[in-house]
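This is what each chain is made of:
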Amino acid sequence: MTCCGKERAECKSEAVNLPGRRKKKESIQEPRFDYYNMDREDELSHIVEIYDFPTEFKTEDLLKLFQCYQKRGFDIKWIDDTHALGLFSSPIAAREALRSKNPLMKLRPLSKSSSATKAKARSCSDYLLPAKERPQTSAALARKLVIGALGVKSNLTKEQREAERKKLQEAREQKRLAAKQREDAWEGK
């Protein structure tokens, strides 16, 4: 059956849009976060721009100024003679450093730095991971492999070998304990 030369389904869909009838309002909720256009500032919040220091400064000089962050992890990447990036182990450490004052230099977060500094940081962001302390190591395994491959006798005394074994055992125990503490924290113990 047709209505004005059209199929019944088409007439019904047009009837909804006739003047005087209410249209159903559609509500579209805006997203809270724009994941497609998200800046990488959050990824680089552990980085601070160090600037306005004397051109005579070397890496050692800057490291001395940040010596209290050395144990927690701190590194420097140079941009030019008077600009450098300070890589901290966490965003918390970076914010702490920003609150400190030093007459020999100035600090600012990467989000407020110059465009050249931001461009440099983004271009090498893969190398700007948070600084982490290097784990303690032992040459025992390397020595054992070299001695075995060369077929020579070890020049370590029994006490030295025993001390190395004990040190490795303590490291394994500390690693196990740290893993247990992480697990307990997630379990709420």
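Residues numbered from 1 in each chain as written. Predicted model: local features only at pLDDT ≥ 70, side-chain atom pairs only at ≥ 80, totals over all residues. Heavy atoms only, no water.

Across its full length, the chain holds six helices and six strands. The proportion of buried residues among the 189 residues of the chain is 21%. Restricting the contact set of the chain to residue pairs at least 6 apart, pairs at least 24 apart contribute 64%. Split by element, the accessible area of the chain, about 15,800 Å² in all, is 53% carbon and sulfur. (Helix = DSSP H or I, 4+ residues; strand = E, 2+ residues; numbered from the N terminus. Buried < 20%, exposed > 50% of the residue type's maximum accessible area, 1.4 Å probe, protein only. Contact = heavy atoms within 4.5 Å. Areas by Shrake-Rupley, 256 points an atom, 1.4 Å probe, with all protein chains shown as cover.)

The subject of this paragraph is the pairing of strand E4 (residues 74-80). Pairing of E4 with strand E5 (residues 83-88), which is carried by six bridges, proceeds in the antiparallel orientation. What sits directly across from Ile 76, in E5, is Gly 86. Hairpin remark: E4 followed by E5, antiparallel, with two residues in the connecting loop. (Pairing = 2+ DSSP bridges.)

A cluster of nonpolar side chains, contributed by Val 146, Leu 150 and Val 152, occupies part of the molecular surface with about 280 Å² of accessible area. Assignment of secondary structure puts Val 152 in the loop between helix H5 (140-150) and helix H6 (158-187). (Patch = residues over 30% accessible without salt bridge, like charges linked within 9 Å, V, L, I, M, F, W, Y side chains within 5 Å. Salt bridge = Lys/Arg side-chain N within 4 Å of Asp/Glu carboxyl O.)

Turning our attention to the packing of aromatic side chains. Following the criterion strictly, the structure yields seven aromatic pairs and no others. The interplanar angle of 75° and the centroid separation of 5.7 Å between the aromatic rings of Phe 53 and Trp 78 together place this pair among those described as edge-to-face. Of the two residues, Phe 53 is situated in the loop between strand E3 (47-51) and helix H2 (59-65) and Trp 78 in strand E4; the sequence distance between them amounts to 25 residues. Accessibility expressed as a relative area gives 29% for Trp 78, which makes it partly exposed. Arranged with centres 4.9 Å apart and planes meeting at 55°, the rings of Phe 74 and Phe 88 form a pair that is tilted. (Phe/Tyr/Trp six-rings, centres within 6.5 Å; stacked < 30°, edge-to-face > 60°.)

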